[in-house]
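Chains, contacts and geometry: an overview
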Amino acid sequence: MKRFANLEEISDGKLYQTRDMVKADCLGCKNCSKCCHGMGDTITLDPYDIWRFRKGLHKELRDFLEEGSVALGVVDGVILPHMAMVGEEERCFFLTDEGWCGIHPWRSGLCRLFPLGRCYEGDRLQYFVQRGECEQPKVKVKVEKWLDTPQLQQYEGFLLEWRNILNQTIEQFGRLEDIELQREWNLRFLSCFFATPYEWEADFYEQFAQRRTLWNSWNEREHKATEG
Ligand code: SF4
Ligand code: SF4
């Protein structure tokens, strides 16, 4: 799973929308668990994933870090959580001995998406089939069914917004010359969007909006203080 790449290199160039049919359904994966191995730090998590984990597994980020199922990595200067690959086989912590996803109903957004990829174009999302990532035979399925995500339109709105926040944050942290300050802001970002436990019974999108407002106002204040 590549984060940022040239579309022609990683797909056949065809783009799909949520109502389109796409050849992505691997029919239960038939004893294959290739994409749950050796993924390094690429299965990054977003705040919605963390809320879903909390809702389904009743644990917060700290618990996942402690048990080793989730690790922290740095993406373009920003600390983000990702699914941890463990042991000699570098397998996902949640992959069962039988080769199934042990948290299937709560698996992350990137796990639900695979073998599709997402393409961000202005204020809309499109999807493509990742080339060379999953060689199993596939049948056609509607993109929205494959994504297996409730309130899909709202979710896509969140993804676009999260992408903007990440891009701004990457740019902003990149301008910080003081390493200590970079670390401090990173920890603040992590705490705001990931580490402060979400209310699993409350609506995710409302909680995300509150945190975004909090982050923006903290950010503005610190920015002024740093400049001043
Ligand atoms: S590589 Fe394809 S068939 Fe294999 S587990 Fe992943 S999605 Fe399923
Ligand atoms: S969470 Fe499930 S689908 Fe995702 S990598 Fe782990 S075992 Fe595979």
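Residues numbered from 1 in each chain as written. Chains lettered and ligands numbered in written order. Predicted model: local features only at pLDDT ≥ 70, side-chain atom pairs only at ≥ 80, totals over all residues.

This paragraph deals with the overall build of the protein. Scanning the protein for helices and strands turns up eight helices and eight strands. For 228 residues, the compact-globule estimate of 2.2 N^0.38 gives 17 Å, and the C-alpha radius of gyration of the protein, at 18 Å, lies within 12% of that figure. If you line up the protein on its principal axes, its C-alpha atoms span 60 × 40 × 35 Å. The buried share of the protein, taken over its 228 residues, is 23%. (Helix = DSSP H or I, 4+ residues; strand = E, 2+ residues; numbered from the N terminus. Rg over C-alpha atoms; globule rule 2.2 N^0.38 Å. Buried ≥ 20, exposed ≤ 12 C-beta atoms within 10 Å, placed from the backbone.)

Here six bridges tie strand E2 (residues 70-75) to strand E3 (residues 78-83), and the two strands are oriented antiparallel to one another. Paired with Ala 71 across the two strands is His 82, which belongs to E3. What sits between E2 and E3 in their antiparallel hairpin is a turn of two residues, with Asp 76 showing a positive phi close to 50 degrees. (Pairing = 2+ DSSP bridges.)

Moving on, we come to helix H2 (residues 47-57). Those residues of H2 lying buried are Pro 47, Asp 49, Ile 50, Trp 51, Arg 52, Phe 53 and Arg 54. Looking one or two residues beyond H2, the residue adopting positive phi is His 58, at roughly 55 degrees.

Here the focus is the nonpolar core. Core analysis: the biggest nonpolar cluster contains 37 residues, and Ile 50, Val 70 and Leu 116 have the highest contact counts within it. Each residue touching Leu 116, except ones within four places of it in the same chain, is listed here: Val 22, Ala 24, Tyr 127, Phe 128, Val 129, Gln 130 and Trp 146. (Core = buried A, V, L, I, M, F, W, Y, C linked by C-beta atoms within 7 Å. Contact = placed C-beta atoms within 7 Å.)

Looking at the secondary structure, you find Glu 98 in the loop between strand E5 (91-92) and helix H4 (109-113). Residue Glu 98 is classed as exposed on the basis of its 8 C-beta neighbours within 10 Å. Each C-alpha atom, one on Glu 98 and one on Ser 33, is 9.6 Å from the other, the two residues being 65 residues apart in sequence.

Here we take up helix H6 (residues 152-175). In this model H6 runs 35 Å from its N-terminal to its C-terminal C-alpha over 24 residues, within 8% of the 34 Å that 1.5 Å per residue would give. Buried residues of H6: Phe 158, Ile 165 and Thr 169, and no others. (Expected span 1.5 Å × (residues − 1).)

Moving on to the site of ligand 1. Neighbouring residues of ligand 1: Cys 26, Cys 29, Cys 32, Ser 33, Lys 34, Cys 35, Phe 114, Pro 115, Cys 134 and Gln 136. In terms of residue class, the shell around ligand 1 is built from seven nonpolar, two polar and one charged. (Near = placed C-beta within 6 Å. Nonpolar A, V, L, I, M, F, W, Y, C, P; charged D, E, K, R; others polar.)

Tracing the backbone shows Trp 100 in the loop between E5 and H4. Looking at Trp 100, the number of C-beta atoms within 10 Å reads 15, which means it is partly exposed. Residues Trp 100 and Gly 28, 72 residues apart in the sequence, show an inter-C-alpha distance of 9.5 Å.

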